[in-house]
Amino acid sequence: MQADDSHEKEVIMHSRRTVLHRAAAASLGGVLFGGVSWSRASTAETRTVRALLPSASHDTLAVKVLLDTPPSAAPVLTIDGRRVTAQQMDVDGYSWGFVQRGLKGGTTHELTLTDEYGAALRAPWRLKTLPDLDDRPERFRILFFTCAGGDEAKSALAVNVRRALFDRALSFSPDLAVANGDHIYWDLDTALKIRGSARSRARNEEIYRRIAWIDQDLRFDSETNRRSLNTVIGRQIASIYEDRFASVPLVFISDDHDYFENDNGGTWGYTFPPRAFTLNLQRRASAIAYPFALGRPQLPGGALTSETVETVRIGKLAELALFDCRRGLDTRTANGMLFPDVERFLIERLRRSEARHYIHVPSVPFGWTAGKLGDWYEDPPPAGTRDSDKEFWRTSWFDQHQRLIKALTEQRERPAITISGDIHASGAKHFTRSGNIDLTANPLEAVLAGTIGTATGWPSHGRGMFPSTPGKLMGTDTAETQEKNGFTLFDVTPGHIEVRQFNWRPPEPIEVIASLKPYATFRMERRA
């Protein structure tokens, strides 16, 4: 299965107009991502890597590199001493991509990165391809988390705390990391025109104009908007990832805020599916600062649909199916949150997969509701909740949920597993019924990944509703749902998956993160 990289090719072609834009960057001092206190200082004599975001498959290694200043020529990345072709991922030359195919599965390679003059941009490091498709590894560790984005100026968790959570997660040496949605929080209409009081909207406008004003009266890729997007990426992605994941392949899934809106509806319409302007912002941010998506299918709907789904195959041990539930959100017909092409692909792939474990990784959670419009479920928030728009929820979304759940529970030997993003909490549930579907033969094991960047945006704070079991589902807690920052580790073996969930929340001191222990540990077993 080949990645659908048609949009990234468009970005590369578009980025040939570099001379004028580099001059424009120089007029700003030539520095990308202003306004952040960086852990690595930049000088006039040295160029700095702001972020290094790798990805891997069984035969491919890929790296995105974000620089603080645009170079006069492409940086140089080598794998085992062989130079990899550089791809310019943005107009200005801050973002560069490298993709090397044809490698052997399950093999560790040495990488180097230098600037155009041969000066090292970081120390050499190692990166491993995923297991060969026919391999049967005895163990593979996956790190899951969600909602890592957000700006401190808008009450997100402090950058240094998010780095500390990442560092604790990485201390367990995961083989793969999955960042499930909300890498960016910089909502436009919902923050400036729709939600909240006039006072809060005015405050949002003041912050945006001071830090990064995105002007919808201009082209999405105008110079003003391009600079603002660079700043947002720098403050919310580059600042926390830096190069700490250099040896851990990453996968990014998009959710609502990655399209620069919250999921809302009203008599005026819906924020999703995304309008052209916000779709293009998401695509440009993805081209610049998301790891390469190496497992995208080529669906009949083309890039629009293919970009919302990705599979990760770990030999014959496990397969992950990751999907964005926002871009395809249907508010007009009987379709669901996912494009029909995507739903068909997910169900067909699940039935054909030879993996010992098959895991659905949706951006919108299975098994929990926070009473908001964009849930799979109809459950409303408490009466009188400000900005509630649940009356605009569509029953077709739950209908699609049921089709996906039915496919999961019909697996004969594999447990039915999902691990989701979006909801700012950790937890796990064991479901025996979903609507009219009896799950007792193969219960749904639903997990919340845990949030990295949340400081005040807890469901119980914003909607007065703690994340809870939807009314049409029946089940029990496997791990208590907790509104805390944290992450989840899956240790995948042929016979079971061991899950460990970690969390932390102020006023606990940041120092305890370095020795954080799991608050819940449990297993999900294959059936004999």
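Quick look at the structure, then. (Residues numbered from 1 in each chain as written. Predicted model: local features only at pLDDT ≥ 70, side-chain atom pairs only at ≥ 80, totals over all residues. Heavy atoms only, no water.)

1. Brief notes about the overall build of the chain
Then, number 1: For the chain, the count of helices and strands is 11 helices and 24 strands.
Then, number 2: Against the 2.2 N^0.38 benchmark of 24 Å for 528 residues, the chain shows a C-alpha radius of gyration of 22 Å, consistent with a compact globule.
Then, number 3: Across the 528 residues of the chain, 64% fall into the buried class.
Then, number 4: Here the contacts in the chain between residues at least 6 apart in sequence split such that 74% fall between residues at least 24 apart.
Then, number 5: If you sum the accessible surface of the chain, you get close to 19,800 Å²; carbon and sulfur atoms cover 49% of it.
Then, number 6: Here the chain contributes 67 positively and 66 negatively charged side chains, and the mean placements of these two sets differ by 1 Å. (Helix = DSSP H or I, 4+ residues; strand = E, 2+ residues; numbered from the N terminus. Rg over C-alpha atoms; globule rule 2.2 N^0.38 Å. Buried < 20%, exposed > 50% of the residue type's maximum accessible area, 1.4 Å probe, protein only. Contact = heavy atoms within 4.5 Å. Areas by Shrake-Rupley, 256 points an atom, 1.4 Å probe, with all protein chains shown as cover. Lys, Arg positive; Asp, Glu negative; His and termini not counted. Charge placed at Lys NZ, Arg CZ, Asp CG, Glu CD.)

2. What to know about the packing of helix 9 (residues 340-352) against helix 10 (residues 395-409)
The angle between the axes and the distance between the axes are what describe a pair of packed helices.
Then, number 1: At a minimum axis distance of 10 Å, the contact between helix 9 and helix 10 shows a crossing angle of 10°. Judged on the interaxial angle alone, helix 10 and helix 9 are roughly parallel. Residue-level contacts link Glu 343, Leu 346, Ile 347 and Leu 350 of helix 9 to Gln 400, Arg 403, Leu 404, Ala 407 and Leu 408 of helix 10.
Then, number 2: Broken down by class, the residue content of the contact of helix 9 with helix 10 amounts to 6 nonpolar, 1 polar and 2 charged. (Axes fitted to C-alpha atoms, helices over the stretch in contact; angles between N-to-C directions. Parallel < 35°, antiparallel > 145°, perpendicular 65-115°, else oblique. Nonpolar A, V, L, I, M, F, W, Y, C, P; charged D, E, K, R; others polar.)

3. A look at the nonpolar core
As a rule of thumb, soluble globular proteins bury nonpolar side chains together.
Then, number 1: Phe 145, Trp 186, Ile 233, Tyr 241 and Phe 245 are the most contacted members of the largest nonpolar core, which totals 54 residues.
Then, number 2: Once you skip the residues sitting within four places of it in the chain, Phe 145 turns out to touch Phe 166, Ala 177, Val 178, Ala 179, Asn 180, Tyr 241, Phe 245, Ala 449, Gly 450, Ile 452, Gly 486 and Phe 487.
Then, number 3: Val 65, Val 84, Leu 111 and Val 178 belong to the second largest nonpolar core, which has 48 residues in total. (Core = buried A, V, L, I, M, F, W, Y, C linked by side-chain atoms within 4.5 Å.)

4. Some words on the side chain of Ser 426
Then, number 1: Take Ser 426: it is sitting in strand 18 (residues 426-434).
Then, number 2: By relative accessible area, which is 0% here, Ser 426 ends up buried.
Then, number 3: Every residue in contact with Ser 426, bar those within four places of it in the chain, is listed here: Leu 448, Gly 450, Glu 480, Thr 481, Gln 482, Lys 484, Gln 501, Phe 502 and Tyr 519.

5. Considering the environment of Ser 515
Then, number 1: Position of Ser 515 among the secondary structure elements: in the loop between strand 23 (496-504) and strand 24 (520-525).
Then, number 2: Remark: the alpha-carbon pair of Ser 515 and Ile 184, spanning 331 residues in sequence, is separated by 28 Å.

6. Comments concerning the packing of helix 3 (residues 159-170) against helix 6 (residues 223-241)
Then, number 1: In contact at an axis separation of 9 Å, helix 3 and helix 6 are set at 45° when each is read in the N-to-C sense. As judged from the angle between their axes, helix 3 and helix 6 are oblique. Note on packing geometry: the crossing formed by helix 3 with helix 6 is right-handed. Residues Val 159, Arg 162, Arg 163 and Phe 166 of helix 3 form the contact with helix 6, whose own contacting residues are Arg 235, Ser 239, Ile 240 and Tyr 241.
Then, number 2: In terms of residue class, the contact of helix 3 with helix 6 is made up of 4 nonpolar, 1 polar and 3 charged. (Left-handed = near helix turned anticlockwise from the far one by under 90°.)

7. Things to note about the packing of aromatic side chains
Then, number 1: For the structure on display, the rule yields 16 aromatic pairs.
Then, number 2: Grouped by ring-pair contacts, the aromatic residues Phe 145, Phe 166, Tyr 241, Phe 245, Phe 252 and Tyr 290 constitute a single cluster.
Then, number 3: A cation sits over an aromatic face here: Lys 64 above Phe 292, 4.6 Å from the ring centre.
Then, number 4: Its end group placed over the ring of Trp 213, Arg 209 keeps NZ or CZ at 3.8 Å from the ring centre. (Phe/Tyr/Trp six-rings, centres within 6.5 Å; stacked < 30°, edge-to-face > 60°. Lys NZ or Arg CZ within 6 Å of the ring centre and 35° of its normal.)

8. So, unusual backbone geometry
Then, number 1: Of note, the bond from Phe 272 into Pro 273 is cis; its omega dihedral lies within 30 degrees of zero at 5°.
Then, number 2: Mapped onto the elements of the fold, Pro 273 is located in the loop between strand 13 (269-270) and helix 7 (276-289).
Then, number 3: Note the cis peptide between Pro 506 and Pro 507, where omega equals 15°.
Then, number 4: Position of Pro 507 among the secondary structure elements: in the loop between strand 23 and strand 24.
Then, number 5: At Ser 155, a position not held by glycine, the phi torsion is positive, near 75°.
Then, number 6: Here Ser 155 is to be found in the loop between strand 9 (140-146) and helix 3.
Then, number 7: The phi torsion at Asp 422 lies on the positive side, around 75°, for a residue other than glycine.
Then, number 8: By secondary structure assignment, the location of Asp 422 is in the loop between strand 17 (416-420) and strand 18.
Then, number 9: Residue Asp 422 is classed as buried on the basis of its relative accessible area of 4%.

9. Side note on the pattern of salt bridges
Then, number 1: Under the defined criterion, the tally for this structure stands at 35 salt bridges.
Then, number 2: Measuring nitrogen to oxygen at the nearest pair gives 3.2 Å for the salt bridge that ties Asp 243 to Arg 122. Taken as a pair, Asp 243 in the loop between helix 6 and strand 11 (250-253) and Arg 122 in the loop between strand 7 (108-114) and strand 8 (125-128) lie far apart in primary sequence, 121 residues in all.
Then, number 3: Classification of Asp 243 by relative accessible area gives buried; the value is 15%.
Then, number 4: Here Glu 307 and Arg 283 are joined by a salt bridge, their closest N and O atoms 2.9 Å apart. Of this pair, Glu 307 sits in the loop between helix 8 (303-306) and strand 14 (309-314) while Arg 283 sits in helix 7, placing them 24 residues apart in sequence.
Then, number 5: The exposure class of Glu 307 is buried, given its relative accessible area of 12%.
Then, number 6: One network of salt bridges, with partners in common, ties together Asp 255, Asp 256, Asp 263, Arg 326, Lys 372 and Asp 422. (Salt bridge = Lys/Arg side-chain N within 4 Å of Asp/Glu carboxyl O.)

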